[in-house]
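# A closer look at the structure
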Amino acid sequence: MRKYLNYYVRNFDYPLFFTYLFLCLFGLVMIYSSSIMVSIVNEDGTPTYFYRKQLLNLCIAAFAFIVGAFIPYKHFSNKRIMQILTLMVFVLLAWVKIDGIDAGGAKSWINPFGLMNFQPSEFAKLFIILYFAGAFYRKSLNNPMENLEPNNIVYPIIVWLIIIMFVGTETDLGAVLILSGIAVAVVAASGIQFKKFIKFFTVIIGFGSALIGLIILVKGNEILTENRMGRIKSFLNPFEYESGSSYQVINGYIAIGSGGLEGVGLGQSVQKLGYLPEPQTDFIMAIIAEELGILGVIIVLGGLGFIIFRALTIALKTKDPLARMIAAGIGSWIAVQSFVNLGGLSGLIPLTGVTLPFISYGGTSILLLSFAMGILVNVSMYVKLEKKL
């Protein structure tokens, strides 16, 4: 056991871990700062409500990180484990349909046994990474990835499409974008030939477009709601709807503009005083920009950028296709989700209500991202060992 622990201490990816830890703690501070007014108004006058809940979430997430770091990543290619995870993700997504909780216009939450709210689409993001990586890795054992054709990997595509159908009908369109980005990134990292990857990508786009068209045809009234159409209109011309659908976006702009270079000071935000609804979630970067200025934004982007860069570097360095796909998948997850969050905040894309990784309030998000970071650290340790051999 001591020899095993010494191996972990010597090969542990400390820069990756400390960046992850810093972002989580920085996010905790900003959740406390941004949520004081919301907590007082909505949670019986308790200013630390969201702070205390996120602190508990981080304690649970720390355990998830340790589990992810100590389980050898090779186990995720085990067929039996993949079957169990597949059953779990389908049960959780079906549970949403049967007894889901509506939050912010999207029915995407469940409360298993009354313990805590859980968002299955977050679990689906990690599942897609592990499932695609494990399935392609097992295929490559008998037939090198460069020789595979899109029709050789039909089953994983079907699983992905079923998940997209479940999440899409929850009207969680931000999660659909992220799941699509993750799938493409893992396949791109698999080693498949570029021409065949383009074929695969075309298949994904074709099936995905057909599925989205079918979902809109069947559930158009539920998906193309007045609220969502308002978000599209406000994206095209935000200042025309500043008192309506663009209210949150415009107040986000005001927060960012008020911060300037150095910010108005930690805890001194005006926009969190009722102008930005739920500022501790998907608009937390606007509060960071207002209170800490451009320097605060650079700190967050630098931390996220380092984790993404580290993940992609690990993927490029390893010779193991399973390690490469897992690392690329986790890096792409954080990259795409960060882009969707910040793109909605800045007006580059329509607002979708996606949290900022490690920073925004959210138990399911931080739990699964922490487990993924533990897996990434485990992969990083393998890459270091691989170099020594």
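A short tour of the structure in this document, coming up. (Residues numbered from 1 in each chain as written. Predicted model: local features only at pLDDT ≥ 70, side-chain atom pairs only at ≥ 80, totals over all residues. Heavy atoms only, no water.)

### Quick notes on the overall build of the protein chain
The following threshold applies: Secondary structure elements are taken from DSSP: a helix is a run of H or I of four residues or more, a strand is a run of E of two residues or more, and numbering for both begins at the N terminus. Each residue is assigned to one of three classes by its accessible area relative to the maximum for its type, calculated with a 1.4 Å probe on protein chains only: buried under 20%, partly exposed between the two thresholds, exposed over 50%. A contact between two residues is defined here by any heavy atoms of the two lying within 4.5 Å. All accessible-area figures derive from a Shrake-Rupley calculation using a 1.4 Å probe, and residue coverage is judged against the displayed protein chains alone.
Helix and strand content of the protein chain: 13 helices and 2 strands. Going through the 389 residues of the protein chain one by one, you find that 51% of them count as buried. The long-range share in the protein chain, meaning contacts at least 24 apart out of those at least 6 apart in sequence, stands at 74%. In the form shown here, the protein chain has an accessible surface area of approximately 17800 Å², with 68% of it arising from carbon and sulfur atoms.

### Description of the nonpolar core
Condition: Only buried residues count toward a nonpolar core. Its members are Ala, Val, Leu, Ile, Met, Phe, Trp, Tyr and Cys residues joined through side-chain atoms within 4.5 Å.
By size, the foremost hydrophobic cluster in this structure holds 110 residues, and its most contacted members are Phe132, Ile163, Phe358 and Ile375. In terms of residue count, helix H11 (residues 284-317) provides more of this core than any other element does, 14 residues in total. When sequence neighbours within four positions are dropped, the list of residues in contact with Phe132 reads Pro156, Trp160, Ala183, Val186, Val187 and Phe200.

### With respect to a nonpolar patch on the surface
Stated formally: To count toward a patch, a residue needs a relative accessible area over 30% and no salt bridge; like charges are then connected within 9 Å, while nonpolar side chains (Val, Leu, Ile, Met, Phe, Trp, Tyr) are connected within 5 Å. Any Lys or Arg side-chain nitrogen located within 4 Å of an Asp or Glu carboxyl oxygen qualifies as a salt bridge.
Side chains of Met37, Ile40, Val41, Val270, Leu273 and Tyr275 sit close together on the surface and give an oily, nonpolar patch of about 510 Å² of accessible area. For Met37, the position within the fold is in helix H2 (residues 14-42). You can call Met37 partly exposed: its relative accessible area is 30%.

### Here's the deal with the packing of H2 against H11
The condition is simple: Lines fitted to C-alpha atoms define the axes here, with helix axes fitted over just the stretch in contact, and angles between the N-to-C directions of these axes take values from 0 to 180 degrees. Any angle that falls under 35 degrees is termed roughly parallel, while one over 145 is termed roughly antiparallel, one within 65 to 115 roughly perpendicular, and all others oblique. Crossings are assigned a handedness: left-handed for a near helix turned anticlockwise from the far helix by less than a right angle, right-handed for a clockwise turn. Classes in brief: Ala, Val, Leu, Ile, Met, Phe, Trp, Tyr, Cys and Pro nonpolar; Asp, Glu, Lys and Arg charged; the others, Gly included, polar.
Across the interface, H2 lies against H11 with an axial gap of 10 Å and an inter-helix angle of 160°. For the element pair H2 / H11, the angle class is roughly antiparallel. Crossing of H2 over H11 shows left-handed handedness. Along the contact surface, H2 presents Pro15, Leu16, Thr19, Tyr20, Phe22, Leu23, Phe26, Gly27, Met30, Ile31, Ser33 and Ser34, while H11 presents Ile284, Ile287, Ile288, Glu291, Leu292, Ile299, Val300, Gly303, Leu304, Phe306, Ile307 and Arg310. Looking at the contact of H2 with H11, its residues break down into 17 nonpolar, 5 polar and 2 charged.

### Overview of unusual backbone geometry
Here Glu278, not a glycine, exhibits a phi torsion of approximately 50°, which is positive. Looking at the element boundaries, Glu278 is found in the loop between helix H10 (247-259) and H11. Among the residues examined, Glu278 registers a relative accessible area of 37% and is labelled partly exposed. Look at Phe358: it is not a glycine, yet its phi comes out positive at around 70°. When you line up the elements, Phe358 lands in the loop between helix H12 (321-346) and helix H13 (363-388). On the basis of relative accessible area, Phe358 is assigned to the buried category, the value being 3%.

### Considerations on helix H6 (residues 154-169)
Convention followed: What a helix should span is 1.5 Å times the count of its residues minus one.
Spanning 16 residues, H6 covers 22 Å between terminal C-alpha atoms, matching the ideal 22 Å at 1.5 Å per step. Residues Pro156, Ile157, Val159, Trp160, Leu161, Ile163, Ile164, Phe166, Val167, Gly168 and Thr169 constitute the buried set of H6.

### Digging into the packing of H2 against helix H3 (residues 49-70)
The N-to-C vectors of H2 and H3 enclose an angle of 160°; their axes lie 7 Å apart at closest approach. As summarised for this structure, H2 and H3 are arranged roughly antiparallel, according to the angle between their axes. Regarding H2 and H3, the two cross each other, and that crossing is right-handed. Where H2 abuts H3, its residues Phe17, Tyr20, Cys24, Leu28, Ile31, Tyr32, Ser35, Val38 and Ser39 lie against Tyr49, Phe50, Tyr51, Gln54, Leu55, Leu58, Ala61 and Phe65. Counted by class, the contact of H2 with H3 contains 14 nonpolar, 3 polar and no charged residues.

### Description of the pattern of salt bridges
Under the criterion given, the structure shown has 4 salt bridges. As a salt-bridge pair, Glu122 and Lys125 come within 2.7 Å of each other at their nearest N and O atoms. Of this pair, Glu122 and Lys125 are both found in helix H5 (residues 120-142), 3 residues apart, which corresponds to roughly one turn of the helix. Residues Glu291 and Lys272 are paired through a salt bridge, measuring 3.1 Å at the closest nitrogen-oxygen approach. Here Glu291 is found in helix H11, whereas its partner Lys272 is found in the loop between H10 and H11, with 19 residues between them in sequence. Of the two residues, Glu291 and Lys272, neither departs from the other in class, the shared state being buried.

### Considering the environment of Ala62
In this structure, Ala62 sits in helix H3. By relative accessible area, which is 38% here, Ala62 ends up partly exposed. Taking C-alpha positions, Ala62 is 9.5 Å from Ile366, a pair spaced 304 residues apart along the chain.

### Structural notes on the packing of aromatic side chains
Formally: Working definition: a ring pair exists when centres of Phe, Tyr or Trp rings (six-membered ring for Trp) sit within 6.5 Å. Plane angles under 30 degrees give stacked, over 60 give edge-to-face, the rest tilted.
Scanning the entire structure with this criterion turns up 17 aromatic pairs. Between the aromatic rings of Phe12 and Phe17, the centroid separation amounts to 5.6 Å while the plane-to-plane angle is 70°, which identifies the pairing as edge-to-face. This pair shows no difference in class: Phe12 is buried, exactly as Phe17 is. For the ring pair Phe50 and Tyr361, a centre distance of 5.0 Å and an interplane angle of 85° mean the geometry is edge-to-face. Taken as a pair, Phe50 in helix H3 and Tyr361 in the loop between H12 and H13 lie far apart in primary sequence, 311 residues in all. The pair Phe50 / Tyr361 is uniform in exposure class, with both members buried. Members of the aromatic cluster, joined through ring pairs, are Phe12, Tyr14, Phe17, Phe18, Tyr20, Phe65 and Phe358.

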